[in-house]
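Residue strings, one per chain:
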Amino acid sequence: MQSLNNIQGAGSGGVFQSKLKRKESLTDTAFLLTITITLFIVIYILSIVFLGDKGFNKIQMFFNLFNENAALIVIACGLSIVMITGSIDISVGGSTALICTVCIVCLNKHGFNFFTVLILALTIGLAFGAVQGFLIAYLEMQPFIVTLAGMFLGRGLVALIEVNQIQVNNAGFEKLSAARIQIPFLGDINRKGVFIQSKLEYGVIIALIIVCLIYCLLKKTKLGRSFYAVGGNSQSALMLGINVRRTRFYAHLLCGLLAGIGGFLYLFHTRSGSVQQATGLEMDAIAASIIGGTLLTGGVGNIFGTLFGVLTSGIVLLIVTAIGSQDPWWPQITRAAMLCFFIVLQSIICSRKKSKN
Amino acid sequence: MFRMNHQIDNGRLVPAFKAFVRHRLFIPIAFLSFLLLLNIFINPGFLRISLGRDSSGNPVLIGNIINILNNATELVILAIGMTLVTASSKGQDISVGATVAIVGGVVMRVLCGSETQPAVLHASVFVALLLGCLAGMACGAFNGILVSKFNIQPMVATLILFTAGRSIGSMAMGGLKPKAVSSFGYYGNFIPGFPIPTPILITIAMVTVTCLALKKTNLGLYTKAVGINDKASSLNGLNPARIKFMTFVILGFCVGIAGFVQSSRVQTVNPYTIVPSIEMDVILAVALGGNSLGGGKFNMTGSIIGAYTIQTLTSMLTTLNVNTNAVPVFKAVIIIMLVAIQTPVVKSFFSNMDVFSKRAVSDGKERC
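Only a predicted model underlies this, so the values are computations on that prediction, with no experimental measurement involved.

### Considering the overall build of chain B
For step 1, the next point in the chain: In terms of helices and strands, chain B carries 16 helices and two strands.
For step 2, the next point in the chain: In summary, chain B has a C-alpha radius of gyration of 23 Å against a globular reference of 21 Å for 368 residues, a match within 12%.
For step 3, the next point in the chain: Taken over 368 residues, chain B has a buried fraction of 51%.
For step 4, the next point in the chain: Long-range contacts, defined as pairs at least 24 residues apart, comprise 74% of the intrachain contacts of chain B with a sequence gap of at least 6.
For step 5, the next point in the chain: Positive and negative side-chain charges in chain B, numbering 27 and 11 respectively, have mean positions lying 5 Å apart.

Structure (structure tokens):
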């Protein structure tokens with residue numbers, strides 16, 4: 001009996017120790033989040049100080065940052081979930097292009113209304129997520145290969161449906177997408193001294209609500225905790241009784257659903273579609289997640305970090321364009337350089353952790 | 001029942017057939033023959049090769065087969081490098097298309113300077129080839145360092161160049177789209193007076209060099225060893241990081257050659273549209289060649305046959321008037337099916353069925 005107690009005591013000691021370690025790694029997540037938020041604030045203050053005359057000192061600029069990136073925020077949330085489970089999805093750009101084109105064709109030629117188009121977009125996103133999730137989770141195929149195929153499939157289908165660039169010419173949809181929220185008491189005074197209220201798009205509200213929902217899902221529910229567990233160590237997760245395959249499948253399904261919502265927001269914002277639509281969106285979303293502190297190896301990540309990751313890369317792009325370089329290649333190269341920096345930083349942090357253990 | 005009788009009656013034939021089916025080259029050869037048959041069915045004159053004259057009156061070989069061999073050049077060269085990278089680092093390089101754009105940009109910049117229509121080449125073609133290959137190898141080295149030193153998954157590491165590459169290519173050309181004089185086109189089309197397209201000769205040279213390198217050096221052995229188990233190979237005195245790095249640099253060299261041929265074909269380069277989605281084709285060629293995309297042992301012959309198969313498929317789809325942008329749909333479906341067949345889950349499913357049939361056979365024998 002005594003020996004049993006001893007064993008139990010040792011066991012509980014072990015659990016206690018592992019809890020401590022878990023806490024350390026959690027503070028690590030908080031550390032990465034702090035870096036991201038600080039980086040964003042520092043960059044924003046610097047841009048106000050040095051580029052204030054280019055419009056960075058206006059409040060509307062801050063809201064435009066959200067207006068431009070609402071779709072990206074939603075899509076990056078989906079990618080964060082997938083990356084927390086230790087997988088990846090690079091098909092979101094392709095599915096966004098497909099959603100835009102299909103929805104525009106339906107709006108223009110078949111007279112669909114706003115809600116049917118919304119359901120159509122969600123269905124396409126969910127279909128991508130479900131098929132890819134099934135192949136990755138249950139057939140154990142490499143996520144990168146599957147979603148690379150998905151990316152080419154999406155763009156290829158766009159070319160099958162419509163080769164040229166097309167615009168929405170549905171009056172109801174245009175009216176809805178042109179609507180803005182006027183924010184009272186917040187705004188800028190223009191050159192003539194007239195006060196202009198700041199405007200926010202409706203898509204931004206949806207994006208922010210989704211961020212809060214995903215945060216609750218990840219932190220408060222069993223499914224959210226399973227995402228972290230599977231990404232951290234799928235073997236231990238299996239031993240703890242988590243259905244690893246189903247969790248992976250749900251992660252991809254959720255990512256597909258969010259890609260559907262994001263694709264719809266993208267359409268809502270741009271009102272056009274083409275084969276080249278949303279090129280490099282997957283890379284922007286991955287970059288935002290990585291900048292926000294999601295580890296590529298899985299198990300670590302925070303949704304608010306992703307939000308700030310999107311805002312950081314957004315403001316860097318704004319700065320690149322505001323500096324006045326007309327060359328079209330700088331935005332992409334800057335993004336890639338940022339991505340490279342953060343990937344290498346993460347790899348160094350990971351290797352240091354390993355050597356500590 | 002039928003299967004059982006068959007096995008008992010033709011006891012010697014079935015193993016030979018089974019051995020052929022189980023051979024690593026079975027899938028690529030079967031798929032290639034199937035496509036060729038389909039092509040002959042669609043177009044009875046598919047295999048015809050004739051001697052014609054080009055616009056300047058030089059004798060050239062004309063025919064569908066020649067076209068496929070000619071157009072597959074870039075794919076074959078890239079598949080050689082990609083096979084090595086896949087085998088050693090258990091992942092693929094998805095930046096090859098973007099790197100081709102960088103190489104093309106460098107080659108055009110060296111040849112044309114900052115003029116859009118130069119009357120003469122600004123440098124010798126050899127210098128352009130050399131600098132193009134160096135640019136390709138530099139990109140390969142960048143990917144290689146990320147993969148081997150920082151232990152980043154190859155596809156994530158190459159994602160950086162995948163997006164930035166085409167922009168860098170545009171930057172290398174200074175945003176211009178210059179057109180070089182026609183003598184630069186000898187390397188992508190025909191040398192006057194010689195009827196065989198030059199790219200076919202370049203392919204033959206590259207394949208020969210690869211064969212020699214795999215036969216005479218330890219390159220193949222070391223790559224396989226690192227891919228199967230890099231810890232074990234490092235205990236045996238190899239340096240896995242260096243070998244992984246080397247395979248990426250070799251792929252960079254292949255990209256250099258491919259980019260040179262590609263830019264020589266039309267003597268101009270648009271970095272944003274050059275070789276669209278070729279990374280997909282190359283990965284498909286490697287997978288089709290019977291290579292596991294999870295690394296380890298590789299089969300170079302299979303990859304090369306795979307590359308020709310992809311080109312046959314592409315030209316067939318083009319003949320059927322499928323839009324160029326829509327071709328990836330078919331390839332994506334094929335790649336998913338091929339990779340699905342290779343996965344352990346599906347394999348074990350089929351082997352379970354095999355076990356079942358064996359059991360049935362043995363039961364039958366007992367009853368007899």
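### Overview of the UniProt feature "transmembrane region" (unreviewed entry) in chain B
Residues and elements named next belong to chain B.
For step 1, the next point in the chain: With numbering matched to this structure, UniProt assigns "transmembrane region" (unreviewed entry) to residues 21–42, 62–87, 123–143, 155–176, 196–214, 243–261 and 329–350.
For step 2, the next point in the chain: Regarding residues 62–87, the helix share stands at 88% and the strand share at 8%, and the terminal C-alpha atoms are separated by 37 Å.
For step 3, the next point in the chain: Span residues 123–143 is 90% helix and 0% strand, its end C-alpha atoms 29 Å apart.

### Side note on helix α4 (residues 114–138) of chain A
For step 1, the next point in the chain: The end-to-end C-alpha distance of α4(A) is 35 Å, a good match for the 36 Å that 25 residues give at a rise of 1.5 Å each.
For step 2, the next point in the chain: Burial in α4(A) covers these residues: Val117(A), Ala121(A), Ile124(A), Gly125(A), Phe128(A), Gly129(A), Gln132(A), Gly133(A), Leu135(A), Ile136(A) and Ala137(A).
For step 3, the next point in the chain: Among the structural elements, α3 (92–110), α5 (143–161) and α10 (244–270) of chain A together with α15 (327–342) of chain B are those in contact with the buried residues of α4(A).
For step 4, the next point in the chain: Two residues or fewer past α4(A), Glu140(A) is found with a positive phi of approximately 55 degrees.

### Topic: the interface of chain A and chain B
For step 1, the next point in the chain: Each side of the interface is counted separately: chain A has 37 residues, and chain B has 43 residues.
For step 2, the next point in the chain: Carbon and sulfur atoms supply 84% of the area buried between chain A and chain B, which totals about 3400 Å² over both sides.
For step 3, the next point in the chain: On inspection of chain A and its partner chain B, the count reaches zero salt bridges.
For step 4, the next point in the chain: On inspection of chain A and its partner chain B, the count reaches two residue pairs in polar contact (both at pLDDT 80 or more).
For step 5, the next point in the chain: Of all elements in the fold, only α4, α5, α11 (281–291) and α13 (330–356) of chain A reach the threshold of two or more residues within the side of chain A that touches chain B.
For step 6, the next point in the chain: With 13 residues, the top contributor of residues to the side of chain A that touches chain B is α5(A).

### Some remarks on the environment of Arg166(B)
Residues and elements named next belong to chain B.
For step 1, the next point in the chain: Residue placement: Arg 166 occurs in helix α8 (residues 154–172).
For step 2, the next point in the chain: Separated by 71 residues in sequence, Arg 166 and Ser 95 place their C-alpha atoms 9.7 Å apart.
For step 3, the next point in the chain: Non-local contacts of Arg 166, meaning those with residues more than four positions away in its chain, are made with Gly 97, Ala 98, Ala 101, Pro 271, Tyr 272, Thr 273, Ile 274, Val 275 and Pro 276.
For step 4, the next point in the chain: Polar side-chain contacts of Arg 166 include one of 3.0 Å to the backbone oxygen of Pro 271.

### Some thoughts on a nonpolar patch on the surface
All names here are of chain A.
For step 1, the next point in the chain: A surface patch of nonpolar side chains, about 590 Å² in accessible area, is lined by Ile 41, Val 42, Ile 45, Leu 46, Val 49 and Phe 50.
For step 2, the next point in the chain: Structurally, Ile 45 can be placed in helix α1 (residues 2–51).
For step 3, the next point in the chain: Its relative accessible area of 47% is what places Ile 45 among the partly exposed residues.

### Re unusual backbone geometry
Residues and elements named next belong to chain B.
For step 1, the next point in the chain: A positive phi angle, near 60 degrees, is found at Lys 90, a position not held by glycine.
For step 2, the next point in the chain: Relative to the elements of secondary structure, Lys 90 occurs in the loop between α5 (73–89) and α6 (96–112).
For step 3, the next point in the chain: On the basis of relative accessible area, Lys 90 is assigned to the partly exposed category, the value being 39%.

### Remarks on the packing of aromatic side chains
Residues and elements named next belong to chain A.
For step 1, the next point in the chain: The full count for this structure, using the stated rule, is 19 aromatic pairs over all chains.
For step 2, the next point in the chain: Aromatic pair Phe 114 and Phe 268: ring centres 6.0 Å apart, planes at 65 degrees, arrangement edge-to-face. On the criterion of sequence distance, the pair formed by Phe 114 in helix α4 and Phe 268 in helix α10 is long-range, its members being 154 residues apart.
For step 3, the next point in the chain: The class for Phe 268 is buried, based on a relative accessible area of 12%.
For step 4, the next point in the chain: These aromatic residues form a ring-pair network of at least three members: Phe 40, Tyr 44, Phe 62, Phe 63, Phe 66 and Phe 308.

### With respect to the side chain of Thr314(B)
Residues and elements named next belong to chain B.
For step 1, the next point in the chain: Position of Thr 314 among the secondary structure elements: in helix α14 (residues 300–319).
For step 2, the next point in the chain: A distance of 2.8 Å separates a polar side-chain atom of Thr 314 from the backbone oxygen of Ile 310.
For step 3, the next point in the chain: Those residues in contact with Thr 314 that sit more than four places away from it in its chain are Val 327 and Lys 331.

### Regarding the state of the cysteines
For step 1, the next point in the chain: What the rule picks out here adds up to zero disulfides over all chains.
For step 2, the next point in the chain: Its sulfur unpaired, Cys340(A) is 12 Å from the next cysteine sulfur, which belongs to Cys139(B).
For step 3, the next point in the chain: The buried category is assigned to Cys139(B), whose relative accessible area is 11%.

### Observations regarding helix α3 (residues 26–42) of chain B
Along an α-helix, a turn takes 3.6 residues, which lines up residues three or four apart on a common side.
All names here are of chain B.
For step 1, the next point in the chain: Given a rise of 1.5 Å per residue, 17 residues ought to cover 24 Å, and the 24 Å separating the end C-alpha atoms of α3 matches this to within 8%.
For step 2, the next point in the chain: Residues Pro 28, Leu 32, Leu 35 and Asn 39 constitute the buried set of α3. Summarising the axial view, the buried residues of α3 lie within an arc of 65 degrees, below the 170-degree limit, and thus occupy one face. Exposed residues on α3 whose side chains face more than 90 degrees from its buried face are Leu 37 and Phe 41.

About the thresholds
- Residues numbered from 1 in each chain as written.
- Chains lettered and ligands numbered in written order.
- Predicted model: local features only at pLDDT ≥ 70, side-chain atom pairs only at ≥ 80, totals over all residues.
- Heavy atoms only, no water.
- Helix = DSSP H or I, 4+ residues; strand = E, 2+ residues; numbered from the N terminus.
- Rg over C-alpha atoms; globule rule 2.2 N^0.38 Å.
- Buried < 20%, exposed > 50% of the residue type's maximum accessible area, 1.4 Å probe, protein only.
- Contact = heavy atoms within 4.5 Å.
- Lys, Arg positive; Asp, Glu negative; His and termini not counted.
- Charge placed at Lys NZ, Arg CZ, Asp CG, Glu CD.
- UniProt positions renumbered as here; feature names shortened; annotations may be inferred.
- Expected span 1.5 Å × (residues − 1).
- Buried area = accessible area lost by both parts, 1.4 Å probe.
- Salt bridge = Lys/Arg side-chain N within 4 Å of Asp/Glu carboxyl O.
- Polar contact = N/O pair within 3.5 Å; in protein donor to acceptor, adjacent residues only side chain to side chain.
- Patch = residues over 30% accessible without salt bridge, like charges linked within 9 Å, V, L, I, M, F, W, Y side chains within 5 Å.
- Areas by Shrake-Rupley, 256 points an atom, 1.4 Å probe, with all protein chains shown as cover.
- Phe/Tyr/Trp six-rings, centres within 6.5 Å; stacked < 30°, edge-to-face > 60°.
- Disulfide = S-S within 2.5 Å.
- Arc of directions from axis to C-beta.

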